[in-house]
Amino acid sequence: MSEAKFRTPKGTSDILPEDHQYHTYIKKAVRHRCRQAGFKRIDTPLFEKKEIFERGIGEHTDIVEKELFMVGSHHSEEGMEAFALRPEFTASICRSYIEHGMKQLPQPVELYSIGPAFRHDRPQKGRYRQFHQFDLEVIGLSDPSLDAQLIHVCNKIFKDLRIFDRLTMQLNNIGTAENREEYIAALKDYFIGKERNLPDLDRTRLETNPLRLLDSKEEDTQILLKNAPTLDQFIGDESKEYHETVKEYLGELGAEYVENSHLVRGLDYYNQTVFEYWDNDTGGKNAVGGGGRYDPLIEMLGGQATPGVGFAGGMERIIYQMKQAGVQAPHKDQIDVFVAQLGPEAKKKCLSTISELRDLGVHTLGALGEASLKSQMRLADKFGAKYTLLLGQMEVKAGTIILRDMAAGKQKESKFEKAVPEIIKLIGKENLDTYVLRDGFNEQDED
Ligand code: HAM
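Quick caveat: nothing in here was measured; it's all calculated off a predicted structure.

1. Some thoughts on the pattern of salt bridges
Item 1. Here the structure, examined in full by the defined rule, presents 22 salt bridges.
Item 2. Linking aspartate 160 and arginine 33 is a salt bridge whose minimum nitrogen-to-oxygen distance equals 2.7 Å. Of the two residues, aspartate 160 sits in helix H5 (residues 144-160) while arginine 33 sits in helix H1 (residues 17-36), which places them 127 residues apart along the sequence.
Item 3. Classification of aspartate 160 as partly exposed rests on a relative accessible area of 24%.

Put into structure tokens, the structure is as follows:
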């Protein structure tokens, strides 16, 4: 039993160092593939005016109706403002596109973002209240080649993470907003006189968002739906052609998919292409990512009509798949050298050695406390240090230091000044953890 009195709030979790290795790995793959394809990074605030999500994602979607995390109402010059933590990135990024006049830039504007999102859903396996997404958006042009290229970038990322073989990409075209309006009208017509047989929740949905009946879990609804009109009967010729071209381009890129006419996605802003990545075991229940075209969104948010297509991957679900597949996330957190010391003089003397080793790119720990040399050695072992430097009172007097190879269990005494060059030789220059700031850019680990 843990002694913890306080725990993480329900549906959230700490990202402990072991899992950070996976997060870093995913971020690296995303950054790499995004840069190759001309995407630039953007970060928007973790919270926005609630209205942005209501207008964008849709007032009667699950995400807005049930899952928004409100962050209180605050007075502003215009009156009371309600804010919500972002449940996803797309609406915020489009808000930013409009706000910063990105229409003036060469189109399409390709943006990506990585960070937490919040949905106040009932937590269960694979569904959390705080989770992490990486998100790619291509805004400003509508062309089947952009949909296909975006999917191809996503495929590359999943291949880099070595889980691609566990996934199947589900693809559909849900037509234009007009096609869907016609379909919704037909669906409502079909249910006239049948409302009484619908469960309460679905009867309400028929009024507010009839498309949601399609993925209802209620048996009665499912039975009624068997003879109902289907969306594909309402898709116009233009959309059909668009879809065929997307598939042709995917074929050209060697990207495989499964056509799934039931895939509608739970957000209102989509039109035309929609897609999701399902793992081969659980199917659509815990999709590792999804996206699609959202040509109406920017106008819904008050901008000039501007098309877009995008995708978001769920990092926790991806990490789960990586672990299931036995994928190890490489990391650089190993301890190379542990410096053990005894006595105040030795402790003082080894501080600059520790600092020097660190500056040279050697991961070094030491001068931790007053314990005996023996227990410090045990600690060095537990930290997994490759080498230990030992500095006792005798060595201080003699101007020497002991270097121990932990795996070989061998040690030798050398001159104190020789310790650092000796360690560098043993570790090898190519294994040193150094980074250079080139042209103002840190080429290595960005956040
Ligand atoms: P979404 O399908 O709502 O799409 O979420 C994308 C992915 O985020 C999901 O496939 C899943 O992996 C992960 N996810 C969503 N909710 C949770 C949760 N409660 N717990 C854990 N993981 C979760 C979007 O968010 C769209 N904005 C994608 C997009 C970008 N469309 C166009 N551009």
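Once you've had a look at it, read on.
2. A word on the domain arrangement of the protein
Item 1. Taken as a whole, the protein is organised into domain 1 (17-175 + 235-324) and domain 2 (337-431).
Item 2. Inter-centroid distance (C-alpha atoms) of domain 1 to domain 2 is 50 Å.

3. Some points on the sheet that holds strand S4 (residues 79-85)
Item 1. The strand order S2-S4-S3 describes an open sheet built from three strands, whose pairing is antiparallel. Edge positions in the open sheet fall to strand S2 (47-49) and strand S3 (70-76), since each of these has one partner strand only. Averaged over all adjacent pairs, the angle separating strand axes in this sheet is 35°, with direction ignored.
Item 2. Pairing analysis gives three bridges linking S2 to S4, with the strands arranged antiparallel. From the neighbouring strand, glutamate 48 faces S4, where its bridge partner is alanine 84.
Item 3. Against the sheet, helix H2 (residues 50-57) contacts S2, S3 and S4, and its axis sits at roughly 75° relative to S2.

4. Examining the site of the ligand
Item 1. Not every one of the 26 residues close to the ligand is listed here, only the nearest: Glu88, Thr90, Arg265, Tyr270 and Ala287.
Item 2. Within the backbone of tyrosine 128, a nitrogen or oxygen atom sits 2.9 Å from a nitrogen atom of the ligand.
Item 3. Notes on the ligand: free accessible area 660 Å², of which the protein chains cover 95%.
Item 4. Every element with two or more residues in the shell around the ligand is listed here: strand S6 (130-139), strand S10 (289-293) and strand S11 (308-314).
Item 5. Partitioned by chemical class, the residues of the shell around the ligand number 10 nonpolar, nine polar and seven charged.

5. Overview of the packing of aromatic side chains
Item 1. One pass over the structure, following the stated rule, counts 13 aromatic pairs.
Item 2. Considering the side-chain rings of tyrosine 269 and tyrosine 270, the 4.8 Å spacing of their centres and the 65° angle between planes classify their relative orientation as edge-to-face.
Item 3. Judged by its relative accessible area of 1%, tyrosine 269 is buried.
Item 4. Overall, tyrosine 270 belongs to the buried group, its relative accessible area being 4%.
Item 5. Judged by centre distance (5.7 Å) and plane angle (85°), the ring pair of tyrosine 277 and phenylalanine 311 falls under edge-to-face. Taken as a pair, tyrosine 277 in strand S9 (residues 271-279) and phenylalanine 311 in strand S11 lie far apart in primary sequence, 34 residues in all. Accessibility classification places tyrosine 277 together with phenylalanine 311 in one group, the buried group.
Item 6. Chaining the aromatic ring pairs together yields one cluster made of Phe134, Phe158, Phe275, Tyr277 and Phe311.
Item 7. Positioned above the aromatic ring of phenylalanine 164 is the side chain of lysine 159, whose terminal nitrogen or guanidinium carbon lies 4.7 Å from the ring centre.

6. Some thoughts on the nonpolar core
Item 1. In terms of nonpolar packing, the biggest core is built from 45 residues, with Phe53, Ile57, Cys94, Ile139, Phe191 and Tyr269 touching the most fellow members.
Item 2. Taken together, the elements giving at least two residues each to this core come down to H2, helix H3 (62-65), helix H4 (90-99), strand S5 (109-118), S6, helix H6 (177-191), helix H8 (219-225) and helix H10 (297-300).
Item 3. Per-element tally for this core: the top contributor is H6, with five residues.
Item 4. If we ignore the near neighbours within four places in the chain, the residues touching phenylalanine 53 are Glu48, Gly58, Val64, Leu68, Ala84, Leu85, Arg86, Pro87, Glu88, Ala91 and Ser92.
Item 5. Tyr25, Phe158, Leu167 and Phe275 belong to the second-largest nonpolar core, a separate cluster that totals 40 residues.

7. Digging into helix H9 (residues 237-252)
Item 1. Over its 16 residues, H9 extends 23 Å from the first C-alpha to the last, a length consistent with the 22 Å expected when each residue adds 1.5 Å.
Item 2. Among all positions in H9, only Ser239, Tyr242, His243, Val246, Lys247 and Leu250 are buried. Relative to the axis of H9, the buried residues are bounded by an arc of 135° and lie together on one face. Exposed positions of H9 whose direction lies more than 90 degrees from the buried face are Asp237, Glu238, Glu241, Glu248 and Glu252.
Item 3. At its buried positions, H9 is contacted by H5, strand S7 (167-173), H6, strand S8 (258-259), S9 and S10.
Item 4. Once H9 ends, the next one or two residues include glycine 254, with phi positive near 70°.

8. Let's talk about H6
Item 1. In this model H6 runs 21 Å from its N-terminal to its C-terminal C-alpha over 15 residues, within 8% of the 21 Å that 1.5 Å per residue would give.
Item 2. Burial in H6 covers these residues: Asn179, Arg180, Tyr183, Ala186, Leu187, Tyr190 and Phe191. One side of H6 holds all its buried residues, which, seen down the axis, span an arc of 135°. Exposed and oriented more than 90 degrees from the buried face of H6 are Glu181 and Asp189.
Item 3. In this structure, the buried side of H6 is in contact with helix H7 (200-208), H8, H9 and S9.
Item 4. Count one or two residues on from H6 and you reach glycine 193, which has phi positive near 85°.

Conventions and cut-offs
- Going along each chain's sequence as written, the residues are numbered from 1 onward.
- Only residues with pLDDT of at least 70 are given local features in this predicted model, and only at 80 or more are side-chain atom pairs given and counted; all residues enter the totals for whole chains, interfaces and linings.
- Just so you know, side-chain values use all the structure's heavy atoms and leave hydrogens and water out.
- In what follows, salt bridge is the name for a side-chain nitrogen of Lys or Arg lying within 4 Å of a carboxyl oxygen of Asp or Glu.
- Secondary structure follows DSSP: runs of H or I at least 4 residues long count as helices, runs of E at least 2 residues long count as strands, and numbering of each begins at the N terminus.
- Working definition: with a 1.4 Å probe on protein chains only, accessible area under 20% of the residue-type maximum means buried, over 50% means exposed, and in between means partly exposed.
- Domain borders in the structure are assigned automatically or taken from a domain database.
- Here a strand pair is declared whenever DSSP counts at least two bridges between the two strands.
- Between N-to-C directions, angles cover 0 to 180 degrees, with each direction set by a line fitted to C-alpha atoms, over the stretch in contact for helices.
- Two residues qualify as a contact provided that any one of their heavy atoms is within 4.5 Å of a heavy atom in the partner residue.
- Being near a molecule or strand, for a residue, comes down to having at least one heavy atom within 4 Å of it.
- Within 3.5 Å is the distance limit for a polar contact, defined as a pair of N or O atoms, with the added protein rule that one can donate a hydrogen and the other accept it, and that residues adjacent in sequence qualify only through two side-chain atoms.
- All accessible-area figures derive from a Shrake-Rupley calculation using a 1.4 Å probe, and residue coverage is judged against the displayed protein chains alone.
- Basically, the charged four are Asp, Glu, Lys and Arg, the nonpolar ten are Ala, Val, Leu, Ile, Met, Phe, Trp, Tyr, Cys and Pro, and anything else, Gly included, counts as polar.
- Only Phe, Tyr and Trp rings are paired, with Trp represented by its six-membered ring, and only when their centres lie within 6.5 Å; those with planes under 30 degrees apart are stacked, over 60 edge-to-face, the remainder tilted.
- Geometrically, a charge over a ring is one whose NZ (Lys) or CZ (Arg) sits within 6 Å of the ring centre while staying within 35 degrees of the ring normal.
- The criterion is simple. A nonpolar core is a set of buried Ala, Val, Leu, Ile, Met, Phe, Trp, Tyr and Cys residues joined through side-chain atoms within 4.5 Å.
- To estimate the expected span of a helix, count its residues, drop one, and scale the result by 1.5 Å.
- In this context, the arc is that of the directions from the helix axis out to the C-beta atoms.

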